[in-house]
Amino acid sequence: MKIAVAGASGFVGKALIRELQKKHEVVALSRSVKKSQNNGGVEWRSCDLFSLLDAENALKNVDVAVYLVHSMRPSAHLTQGTFDDFDLIVADNFVRAAEKNRVKQIIYLGGMRPDNASELSRHLRSRWEVEEVFKTSSIPATVLRAAIILGPEGSSFQMMARLVTRLPLMICPSWTDTVSQPISLNDVVHSIEYCVENEVVYNKVFDIGGPVAISYREMMQKIADKMGLQRRLLRFPFVTPQLSTLWVCLVTQAPWSLVSPLVRGLRHNLLIDPLKALKIPGHPFADVDLAINEALVTYDPHKKPLAFKGTEVGKHVVRSVQRLPLPPGKSAESVARAYLDFLPTLPAFLKVDVEGKWVYFRWRFPDTKLLILEYAPDRSWSHRQLFYVRGGLLAAKTERGRLEFREILGGQAVIAAIHDFVPRMPWYIYRWTQAYFHLWVMKQFGRYLKSGKSRPTNRQMPRPS
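What comes next is a walk through the structure. Note that the structure is predicted; figures quoted are calculated from it, not measured.

Side note on the overall build of the chain
Part 1 of the argument: From N to C terminus, the chain includes 13 helices and 21 strands.
Part 2 of the argument: Oriented by its inertia axes, the alpha-carbon framework of the chain measures out at about 70 × 50 × 45 Å.
Part 3 of the argument: Counting only contacts in the chain whose residues sit at least 6 apart along the sequence, the fraction spanning at least 24 positions is 72%.
Part 4 of the argument: Accessible surface, the chain as shown: approximately 20,900 Å² in total, 54% of it carbon and sulfur.
Part 5 of the argument: Seen as two clouds, the 63 positive and the 43 negative side-chain charges of the chain have centres 6 Å apart.

As C-alpha cells, this is what we get:
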C-alpha cells in the first residue's frame, strides 16, 4: 500500500514513517524537502497544505492518508489570524485533495476532548473543528484522540523536562493539577498502524492513552526523579494563565504561540471514555513510567524540537486569515461579490474595476492600480473563489500570492484568506500601515456581512477571457 503522512517532519511523523516503511510504500509530505531525504524507500513530496493545488498533487496515487498536522508554528514571516482558522484551512484542503484523488481512508491524530466541558478552550475547540472536517468527508475517516504524547521531541514532554532541569524549586499553578492519561510515542505509532485500512475502525472516533491518570505536577516529579534530580514542586493556585505562560516561555524557550493555547486548554481533565477506548488485540498500552523511560532514552536537552522553531518561510511573506459570518442562503461566491461591492464604500479613495478575468483595486486620485488580481475560474466554485495576486503598487508580482474566499464547516462560516503575499513597500512601513489597514477592512467587512446589508447587485464579476 502507499501511505501518505502529512506532518512527516514532526516527532510523531518521523517515528511513524520508520515503522510504516517496513511494510508499505510511504509518501512523506513536508513544506521543504531536501534531496538527501529521498532515500531508504521513502518518497518525500514538497507540499504546502495551505495550497489546495499542492495538496492535490501530494496525494496522487495514495491509498491511505495520515494527518498529523497542527498549525501552531508560524507559516509566514507575518501571520494575521488565529491558529484555529489556519488549522481549518489546511484540514479542508487535505480532505478536498483526498476526495479528488479517491483516497481509501484518512487517519487523523487529534486531541482529546472533554465531552462534559461547557466551554472549550480555543486549542481544544480547534481540535474538535478539524475532527468535524474529517468526519463529514465522503472518505472513511478514523479519528484518534490523545491527551499528551510522551516522546523525546514532543512539545509537552520537552516543556516538562526543561522545567525540571532548570528549576530546582518550582511554583506550580492550578493547571498543573489537571489530570490526563498520557500515551507513549510507541503506542501512538502502533495505534495508527493498527488502523491502516482496517475497516473495523472506519468512520469511528477513539480515545488512546495509557492506563494511569496522572497530573502534570506528578509527571514533572517523575521526570525529575528518573533524571536523578532533586526537585521541589510547590502548589500555588493563584498564578494566572498569562503569568504561567510567561514563565514557561522564559524557562523553556518555547514560543508564546505554542505555550499559551496549551496552558489555556488545561482547565479540564482529559480522560479516556471507556466506550471510546481503542483496544488492540494483544497489545497493552504502556503506563506513564514506561513511557517516560522510553522518552528519556533519546532525550537531548540541547536539541530544540521542531515545535519550538520559527517559520521556515522566507522573509517578507504574509498570510492573513479571517473567519467571517456567512449570511443564510449565501455562498463563498456571493461573499466575494459582496467584497468587491463593499470595498469602494469604505475608503472614498478606492474603487474596484473588473475587466474580463482581471480585478483592479484603484486609487481614485490620481488613478493608480494598487492591487491587480487575476481570477482563477478553473480553481473556483460556488463554495470557493480564488484570485491570484499579480502585482500593483502595493504588491510584488509572485506566482503563489493569492486571495481566496471559502466556505467552512458545512457552510457555517466563510474564510477570507491571503496567502504568500509579498508587499512591494519596505517591510517596516508595510508592517505598520498596510497590514493593519487590511485587518481593519476585513473587520468592517465582517460587520457588513453580519448586518445583512449585502444584497444582489449588478456588479460585474470576473470571467475567463
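Picking up after the structure, the text goes on.
Quick word on the packing of helix 7 (residues 216-226) against helix 10 (residues 288-297)
For any two helices packed against each other, the geometry is given by the interaxial angle and the distance between the axes.
Part 1 of the argument: Helix 10 packs onto helix 7 with a crossing angle of 50 degrees between their chain directions and a minimal axis gap of 11 Å. Classed by the angle they form, the pair helix 7 and helix 10 counts as oblique. Between helix 7 and helix 10 the crossing geometry is right-handed. Counted together, Met219, Lys222, Ile223 and Lys226 of helix 7 and Val288, Asp289, Ile292, Asn293 and Leu296 of helix 10 form the full contact between these two elements.

A short note on the packing of helix 11 (residues 332-342) against helix 13 (residues 434-451)
Part 1 of the argument: Where helix 11 contacts helix 13, the two axes come as close as 11 Å, and the packing angle between them is 115 degrees. In this structure, the crossing between helix 11 and helix 13 has a hand that is right-handed. On helix 13, the residues touching Val335, Ala338, Tyr339 and Phe342 of helix 11 are Val441, Met442, Gln444, Phe445, Tyr448 and Leu449.
Part 2 of the argument: Of the residues contributing to the contact of helix 11 with helix 13, the split by class is nine nonpolar, one polar and no charged.

What about the environment of Leu340?
Part 1 of the argument: Position of Leu340 among the secondary structure elements: in helix 11.
Part 2 of the argument: Residue classification places Leu340 among the buried positions, given a relative accessible area of 3%.

Overview of unusual backbone geometry
Part 1 of the argument: The amide bond that connects Phe365 to the next residue, Pro366, takes the cis arrangement and shows omega of -5 degrees.
Part 2 of the argument: Note that Pro366 resides in the loop between strand 17 (358-363) and strand 18 (368-375).
Part 3 of the argument: Phi is positive for Glu197, close to 50 degrees, though the residue is something other than glycine.
Part 4 of the argument: Mapped onto the elements of the fold, Glu197 is located in the loop between helix 6 (185-195) and strand 12 (204-208).
Part 5 of the argument: Among the residues examined, Glu197 registers a relative accessible area of 34% and is labelled partly exposed.
Part 6 of the argument: The backbone of Leu409 shows a phi angle near 50 degrees, a positive value even though the residue is not glycine.
Part 7 of the argument: With respect to the helices and strands, the residue Leu409 is situated in the loop between strand 20 (402-408) and strand 21 (413-421).

Cut-off values and rules
Residues numbered from 1 in each chain as written. Predicted model: local features only at pLDDT ≥ 70, side-chain atom pairs only at ≥ 80, totals over all residues. Heavy atoms only, no water. Helix = DSSP H or I, 4+ residues; strand = E, 2+ residues; numbered from the N terminus. Contact = heavy atoms within 4.5 Å. Areas by Shrake-Rupley, 256 points an atom, 1.4 Å probe, with all protein chains shown as cover. Lys, Arg positive; Asp, Glu negative; His and termini not counted. Charge placed at Lys NZ, Arg CZ, Asp CG, Glu CD. Axes fitted to C-alpha atoms, helices over the stretch in contact; angles between N-to-C directions. Parallel < 35°, antiparallel > 145°, perpendicular 65-115°, else oblique. Left-handed = near helix turned anticlockwise from the far one by under 90°. Nonpolar A, V, L, I, M, F, W, Y, C, P; charged D, E, K, R; others polar. Buried < 20%, exposed > 50% of the residue type's maximum accessible area, 1.4 Å probe, protein only.

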